Amino acid sequence: MKLQRKNRLRAITAGALAVSGVLVLTACGSDDNSDSGGGGSKAASNIKCDGKGQLLASGSSAQKNAMDLWIKTYGAACKDTKLNYKATGSGAGIQEFLQGKTAFAGSDSALKPEEVKSSEQICKGGKAIDLPMVGGPIAVGFNVPGVDKLTLNADVLGKIFNSEIKKWDDPAIKALNKDANLPSLKIQAFHRSDESGTTDNFTKYLKAAAPKAWPHEPGKAWEGEGGQSADGSSGVSSQVKQVSGAISYFELSYATANSIKTVDLDTGASAPVQATVENASKAISEAKVKGTGSDLALDLAYDTKADGAYPITLVTYEIACDKGNKASTLAATKSFLTYVASEDGQTSLKELGYAPLPTEIANKVRESVKSLS
Amino acid sequence: MKTDIEPTSSAAASPPKVKTRSTGRVGDKIFLGLSRGSGIALLVIMAAIAAFLTYRAAIAISKDEANFLTYFEWNTGSSPMRFGIAVLAYGTVVSSIVAMVIAVPIAVGIALFISHYAPRRLATPVAYVIDLLAAVPSIVYGLWGALFLVPHLTGLYTWFDDYLGWTGIFSYQGGAARSLFTVGILLAIMILPIVTSVSREVFRQVPKMHEEAALALGATRWEVIRMSVLPFGRSGIISASMLGLGRALGETMAVATVLSPNFLIETSLLDPGGGTFAQNIASRFKEAGNDGRDALIASGLVLFVITLLVNGAARMIIARRKEYSGTAA
């Protein structure tokens, strides 16, 4: 009898261990929502492989999907170089780069002056520069029953996200959507609860295009009044999917993946502008380079009125030293970034929901990459 | 009828007095050295953590333009930095209190059921299942909370609003139920295993003599529990609750997934909003610059202090009730 009970106990313990083991294992995941897995490695004939060994990089999670694709393609062509990009977030990426741990960093915003200053310790005889590499539209997704097409402008968006417009049938929204059948439903505006480059760009747009409706300073942390929040682009987009009357902002790929309808922007152009990859590229081509020398930090034209330019666009940078890169990683860094900035590297982004750089800016980036030393 | 069978310190089950001096044998000396070393190591580690937190916090707070304790926003990206922990402290304490209020009675109930009511055949599997809850990673709780619990709570919240809305604490304006109260419910489920298993062990330690004496005097099973098990187990329940509270105070990922944080203190527990220390650190750490990290570390220091205070309070309560505790000499 006693023996039997012991056996049963043992069986239960083993079962319990197995179950908890499975639970622990399955807990590891990521919020990678792209289906790029099957993309395969395309013939990459024009990749020039230089250098060898391990190339470490880290930073922005917004460019993670693009990086994954690039690394896959580049890695298939250049077997001697092992690339490792950790999507730790822009802040952490810049910090690791400034500590000399990585060959380059990915960042959603250009370096601050004090960061450039402290980069002089790492870049012997040079300083860190911003190289725009990936662009992408930030879509404003909404979930309003019975409404398929919605046009808003910066002013109304600012008021919605600042809790000044509270109902979907508000006259200001009606004025922009004469044909739509807007319900008398409470607006549930969601913003990011974590600090994020997406929030930074979205609030920069609101501040530039509608300074009266959006009196707050732009930044990575949300400063608007009221509203609800959720963690990460995946968090806010799933809230929009779940909650009737919800509206939020996230990268276009999340809207496509969850089939969420997106707002067309009335920018003052001849027709409302849709959130698409092409329209984002158009907006990037309106941007001005504000960096000097080989630094290509962009001043995005958030208040552009150009036809077909979607102004809520995020540009993420790769950050490297203009002079004084580590000798051991310089060749591989240059070779990888050359591929990334190349036509092939840029056009392959489209299928992931990112916007390729417009030709003029891409050319400048290629020159800057060539001059790295 | 006041009972006269309260347990006393001379209970038969109390362990023999432990000698504190070494007997001089080699094994004892080694063991004494090892245990003393571990104790000192623990103190050193704690002191190192406190020193690190204090140093980094001091840097951040000296740059803070707002009052660190009472300011209602968290802007570390701006210069000058303005941040305060008022909302975080409120959210952390309130969600933990909600969790304790829900979890402790249920946990004690389950523990009593397992130790005194359930047939052995049922008690063992129930105990195992409860213990298994502790093995579920917190992010899984978070996902379950966000995808299942939140949509299903709106009905309950509407009911609360109808009958208790006048209190102000339980008013509900509709929308997703991503509030401090929801977090409290989730935390309650998460701390249930630890509170239950510690209470269960304590209830098992109740001297059989007490229970049998009570039964002999004609007490019902409930009276036995009320008069001998609960008084004996009280300090154990308190320490179990404090262990649970410690977990609730520091829970991060589940809260970050379920809560809709904002930097406002809402009077209603049911409306989305609030924030906790751990959630705030988790949400902001990735994108924070150097100064932002120091500010988050400063908020971590406050959580550290709150946890120390809670543990200290628990120790005091237990010390006052020493005569009931199983380990009283």
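Per chain, the residues get numbers from 1 upward, laid out in the order the sequence is written. Lettering of chains starts at A and numbering of ligands starts at 1, both following the order in which they are written. With pLDDT at 70 or above as the cut-off, local features in this predicted model cover only qualifying residues; side-chain atom pairs require 80 or more to be listed or tallied, and sums for whole chains, interfaces and linings still use all residues. Think of the side-chain values as coming from all heavy atoms in the structure, minus any hydrogens and water.

1. A look at the state of the cysteines
Residue and element names in this part refer to chain A. To count as a disulfide, a pair of cysteine sulfur atoms needs to be within 2.5 Å. By the definition in use, this model includes 2 disulfides over all chains. One disulfide in the model links cysteine 49 with cysteine 78; its S-S distance is 1.9 Å. Of note, the bridge from cysteine 49 to cysteine 78 carries an S-S torsion of about -80° and is left-handed in sense. Taken together, the positions of cysteine 49 in the loop between helix H1 (2-26) and strand E1 (53-59) and cysteine 78 in the loop between helix H2 (64-77) and strand E2 (81-86) put the pair 29 residues apart, joining distant regions of the chain. Overall, cysteine 49 belongs to the partly exposed group, its relative accessible area being 36%. Across a sulfur-sulfur distance of 1.9 Å, cysteine 123 and cysteine 321 are joined as a disulfide pair. Taking the sign of the torsion about the S-S bond as the criterion, the disulfide between cysteine 123 and cysteine 321, at about -65°, is left-handed. Of the two residues, cysteine 123 sits in the loop between helix H4 (113-119) and strand E4 (128-143) while cysteine 321 sits in strand E13 (residues 313-321), which places them 198 residues apart along the sequence. Strands are runs of DSSP state E lasting at least two residues, helices are runs of H or I lasting at least four, and both sets are numbered from the N terminus onward. Buried, partly exposed and exposed residues are distinguished by accessible area as a fraction of the type maximum, computed with a 1.4 Å probe on protein chains only: under 20%, between the cut-offs, and over 50%, respectively.

2. Quick notes on the pattern of salt bridges
We define a salt bridge as a contact between a side-chain nitrogen of Lys or Arg and a carboxyl oxygen of Asp or Glu at a distance within 4 Å. Applying the stated criterion across every chain yields a total of 15 salt bridges over all chains. Put simply, lysine 261 of chain A and aspartate 148 of chain A hold a salt bridge, and the shortest N to O gap is 3.5 Å. Taken together, the positions of lysine 261 of chain A in strand E9 (residues 261-262) and aspartate 148 of chain A in the loop between E4 and strand E5 (151-152) put the pair 113 residues apart, joining distant regions of the chain. Since its relative accessible area comes to 38%, lysine 261 of chain A is described here as partly exposed. Among the residues examined, aspartate 148 of chain A registers a relative accessible area of 60% and is labelled exposed. Members of the salt-bridge network, linked through shared partners, are Asp131, Arg200, Glu201 and Arg204 of chain B.

3. Looking at the UniProt feature "domain: ABC transmembrane type-1" (unreviewed entry) in chain B
UniProt positions are given in the numbering used here, feature names are shortened, and annotations may be inferred rather than shown by experiment. Here the UniProt-annotated "domain: ABC transmembrane type-1" (unreviewed entry) positions come out as residues 89-314 of chain B. With 77% helix and 0% strand, the stretch residues 89-314 of chain B has end C-alpha atoms that lie 19 Å from each other.

4. What about the packing of helix H3 (residues 120-133) of chain B against helix H5 (residues 180-204) of chain B?
All names here are of chain B. Across the interface, H3 lies against H5 with an axial gap of 8 Å and an inter-helix angle of 140°. It follows from the interaxial angle that H3 and H5 lie oblique. Between H3 and H5, the residues in contact are Ala127, Ile130, Asp131 and Leu133 and Pro193, Thr196, Ser197 and Arg200, respectively. Residues are grouped as follows: Ala, Val, Leu, Ile, Met, Phe, Trp, Tyr, Cys and Pro are nonpolar; Asp, Glu, Lys and Arg are charged; every other residue, Gly included, is polar. Residue composition of the contact of H3 with H5, by class: 4 nonpolar, 2 polar and 2 charged. Every axis corresponds to a line fitted to the C-alpha atoms, with the helix fit spanning only the stretch in contact, and the corresponding angles, defined between N-to-C directions, vary from 0 to 180 degrees. We call two directions roughly parallel when the angle between them is under 35 degrees, roughly antiparallel when it is over 145, roughly perpendicular when it lies between 65 and 115, and oblique otherwise. The contact definition used throughout considers only heavy atoms, calling two residues in contact when any of these lie within 4.5 Å.

5. Topic: the packing of aromatic side chains
Residue and element names in this part refer to chain B. Stacked, tilted and edge-to-face are the three classes assigned to paired rings of Phe, Tyr and Trp, where Trp is represented by its six-membered ring and a pair needs centres within 6.5 Å; plane angles under 30 degrees give stacked, over 60 edge-to-face, the rest tilted. Per the stated rule, a full pass over the model turns up 20 aromatic pairs over all chains. Ring geometry for tryptophan 74 versus phenylalanine 83: centroids 5.0 Å apart, planes at 50°, classification tilted. The burial state of tryptophan 74 is the same as that of phenylalanine 83; both residues are buried. Both rings, one in tyrosine 157 and one in tyrosine 172, keep their centres 5.4 Å apart while their planes meet at 80°; by these two values the pair is edge-to-face. Highlighted residues: tyrosine 157 in helix H4 (residues 138-164) and tyrosine 172 in the loop between H4 and H5, separated in sequence by 15 residues. By relative accessible area, tyrosine 157 is classed as buried at 0%. Here tyrosine 172 falls in the buried class, since its relative accessible area comes to 9%. Linked through ring pairs, Tyr157, Trp159, Phe160, Tyr163, Phe170, Tyr172 and Phe181 together constitute an aromatic cluster.

6. Remarks on the environment of lysine 208 of chain B
Relative to the helices and strands, lysine 208 of chain B is located in helix H6 (residues 208-216). Taking the C-alpha atoms as reference, lysine 208 of chain B lies 45 Å from leucine 301 of chain B; in sequence the two are 93 residues apart.

7. Some remarks on the nonpolar core
Proteins that are soluble and globular tend to have nonpolar side chains buried together. To form a nonpolar core, buried Ala, Val, Leu, Ile, Met, Phe, Trp, Tyr and Cys residues must be joined to one another through side-chain atoms within 4.5 Å. If you look at the biggest cluster of nonpolar residues, it comprises 91 residues, and the most contacted ones within it are Trp74, Tyr157 and Phe181 of chain B. Ranked by the residues each element gives to this core, the list is headed by helix H2 (residues 86-117) of chain B, at 14 residues. In terms of nonpolar packing, the next biggest core, distinct from the first, is built from 83 residues, Leu55, Phe142, Tyr317 and Leu337 of chain A among them.

8. Regarding the UniProt feature "transmembrane region" (unreviewed entry) in chain B
The UniProt record annotates "transmembrane region" (unreviewed entry) at residues 39-61, 81-114, 126-150, 170-195, 236-259 and 295-314 of chain B. With 100% helix and 0% strand, residues 39-61 of chain B has its two end C-alpha atoms placed 32 Å apart.

9. What to know about the UniProt feature "binding site: phosphate" (unreviewed entry) in chain A
Residue and element names in this part refer to chain A. Taking the UniProt record as the reference, the feature "binding site: phosphate" (unreviewed entry) is found at Ser60, Ser61, Ala62, Ser90, Asp108, Ser196, Gly197 and Thr198. Their sequence span is 139 residues, while the largest C-alpha to C-alpha distance among them is just 11.2 Å; these annotated residues converge on one region. As for the annotated residues named above, the ones lining the largest cavity are Ala62. Note that serine 196 resides in the loop between strand E6 (188-192) and helix H7 (197-209). Owing to a relative accessible area of 2%, serine 196 belongs among the buried residues under this scheme. As defined here, a cavity is a set of points on a 1 Å grid over the protein atoms alone where a 1.4 Å probe fits but cannot get out. A pocket is an open set with protein on both sides within 12 Å along at least five of seven lines, and residues line them when an atom is within 4 Å of a point.

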